[in-house]
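Given next are the chains, with one letter for each unit.
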Protein chains: 2
Amino acid sequence: MNTNTQQSLEKDQKIAQEALRKAYTRETQALIAEINQKASQITDINAIWALSDYLNSQRYNIEGKYDCRESTSVFVLAQLVKEKWLTIDELSDLTPSTRAKVAALAKMS
Amino acid sequence: MNTNTQQSLEKDQKIAQEALRKAYTRETQALIAEINQKASQITDINAIWALSDYLNSQRYNIEGKYDCRESTSVFVLAQLVKEKWLTIDELSDLTPSTRAKVAALAKMS
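This is a predicted model, so every value here is computed, not measured.

Describing the relation of the copies chain B and chain A
Turning to step 1, where the next piece is worked out: Screw-axis analysis of chain B against chain A gives a translation of 0.0 Å along the axis, an RMSD of 0.0 Å, and a rotation angle of 180°. Taken together, these values place the two copies in the relation of a two-fold axis.

Okay, here's the thing in structure tokens:
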């Protein structure tokens, strides 16, 4: 690996980590707001148990999604773009080839 | 079993079921009020996960406690008296011997 490639990789890693932090904050803040609002309207115990199920699944999703050992993973970034927690424009500083991969993956179903 | 004993048992069962329904309503309403209040104040994702853990444990406790095949169980009634979801006075219509057992068990640590 030459020095330029190494530098590009390190830069991409840094940008990806920052993007993941941003998406994590957005996604968790949205969940907090949703729970603040939902929970205040509950009047039935079955709705409490449904909320409990929902929190368990959200925790599983969020902890799984952001627990990526390889933080430059184009797959995680693509998923976040697809879910609208990130825009492709926010990843404009990635090297063009990495960005192209993220954009292409985000368009797939 | 003579007719009087059978009648006493049936009466105790009916009273116990009614008391359990009352305690269940109180306990679940208290939980709903607690969640309404707690959840509205959450601003941090770790507090959301703590709420999720709390709901899981409350569900386990409540579903376990009220899922009593033998609804006259003096043990469940005693536990509910101890936890203050029922008062011993609310069980005054139980046959004296059943009521005495509940009262004695409720005093144990």
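What about the confidence of the model for chain A?
Residues and elements named next belong to chain A.
Turning to step 1, where the next piece is worked out: Taken residue by residue, chain A gives an average pLDDT of 90. The fraction at 70 or more is 94%.
Turning to step 2, where the next piece is worked out: Highest mean pLDDT in chain A belongs to helix H2 (residues 45-66) (95); lowest belongs to helix H1 (residues 3-40) (91).
Turning to step 3, where the next piece is worked out: Across the assembled chains, the prediction reports ipTM 0.81 with pTM 0.82.

Overview of the packing of aromatic side chains
Residue and element names in this part refer to chain A.
Turning to step 1, where the next piece is worked out: Taken as a whole and judged by the stated rule, the model has two aromatic pairs over all chains.
Turning to step 2, where the next piece is worked out: A ring pair is formed by Tyr24 and Tyr66, whose centres lie 5.1 Å apart and whose planes are at 80°; its orientation type is edge-to-face. Placement of the pair is Tyr24 in helix H1 and Tyr66 in helix H2, with a sequence separation of 42 residues.
Turning to step 3, where the next piece is worked out: By relative accessible area, which is 29% here, Tyr24 ends up partly exposed.

A word on the environment of Lys38 of chain A
Turning to step 1, where the next piece is worked out: With respect to the helices and strands, Lys38 of chain A occurs in helix H1.
Turning to step 2, where the next piece is worked out: In this structure the C-alpha to C-alpha distance between Lys38 of chain A and Leu51 of chain A, which are 13 residues apart in sequence, comes to 8.5 Å.

Considerations on helix H4 (residues 96-107) of chain B
Turn by turn, an α-helix covers 3.6 residues, leaving residues three or four places apart pointing in a common direction.
Residues and elements named next belong to chain B.
Turning to step 1, where the next piece is worked out: With 12 residues, H4 extends 17 Å between its outermost C-alpha atoms, agreeing within 8% with the 16 Å of an ideal straight helix rising 1.5 Å per residue.
Turning to step 2, where the next piece is worked out: Within H4 the residues assigned to the buried category are Thr98, Val102 and Ala106. Down the axis, H4 shows its buried residues gathered within 70° of arc, on one side only. Turned more than 90 degrees away from the buried face of H4, the exposed residues are Pro96 and Lys107.
Turning to step 3, where the next piece is worked out: Lining the buried residues of H4 we find helix H1 (3-40) and helix H3 (74-82).

Details of the interface of chain B and chain A
Turning to step 1, where the next piece is worked out: In this complex, chain B contributes 24 residues to the contact, which on the side of chain A involves 24 residues.
Turning to step 2, where the next piece is worked out: Surface buried jointly by chain B and chain A totals about 2000 Å² across both partners, of which 64% is contributed by carbon and sulfur atoms.
Turning to step 3, where the next piece is worked out: Viewed at the interface, chain A and chain B are joined by two salt bridges.
Turning to step 4, where the next piece is worked out: Asp53 of chain B is the partner of Arg59 of chain A in a salt bridge, and the nearest nitrogen-oxygen pair spans 2.9 Å.
Turning to step 5, where the next piece is worked out: Our count for the chain B to chain A interface comes out at 11 residue pairs in polar contact (both at pLDDT 80 or more).
Turning to step 6, where the next piece is worked out: For the side of chain B that touches chain A, the secondary structure elements donating two or more residues are H1 and helix H2 (45-66) of chain B.
Turning to step 7, where the next piece is worked out: Ranked by the residues each element gives to the side of chain B that touches chain A, the list is headed by H2 of chain B, at 12 residues.
Turning to step 8, where the next piece is worked out: Among the residues forming the side of chain B that touches chain A, the class breakdown is 12 nonpolar, eight polar and four charged.

Cut-offs and rules
- Residues numbered from 1 in each chain as written.
- Chains lettered and ligands numbered in written order.
- Predicted model: local features only at pLDDT ≥ 70, side-chain atom pairs only at ≥ 80, totals over all residues.
- Heavy atoms only, no water.
- Least-squares fit on C-alpha atoms with pLDDT ≥ 70 in both.
- pLDDT = per-residue confidence, 0-100.
- Helix = DSSP H or I, 4+ residues; strand = E, 2+ residues; numbered from the N terminus.
- Phe/Tyr/Trp six-rings, centres within 6.5 Å; stacked < 30°, edge-to-face > 60°.
- Buried < 20%, exposed > 50% of the residue type's maximum accessible area, 1.4 Å probe, protein only.
- Expected span 1.5 Å × (residues − 1).
- Arc of directions from axis to C-beta.
- Contact = heavy atoms within 4.5 Å.
- Buried area = accessible area lost by both parts, 1.4 Å probe.
- Salt bridge = Lys/Arg side-chain N within 4 Å of Asp/Glu carboxyl O.
- Polar contact = N/O pair within 3.5 Å; in protein donor to acceptor, adjacent residues only side chain to side chain.
- Nonpolar A, V, L, I, M, F, W, Y, C, P; charged D, E, K, R; others polar.

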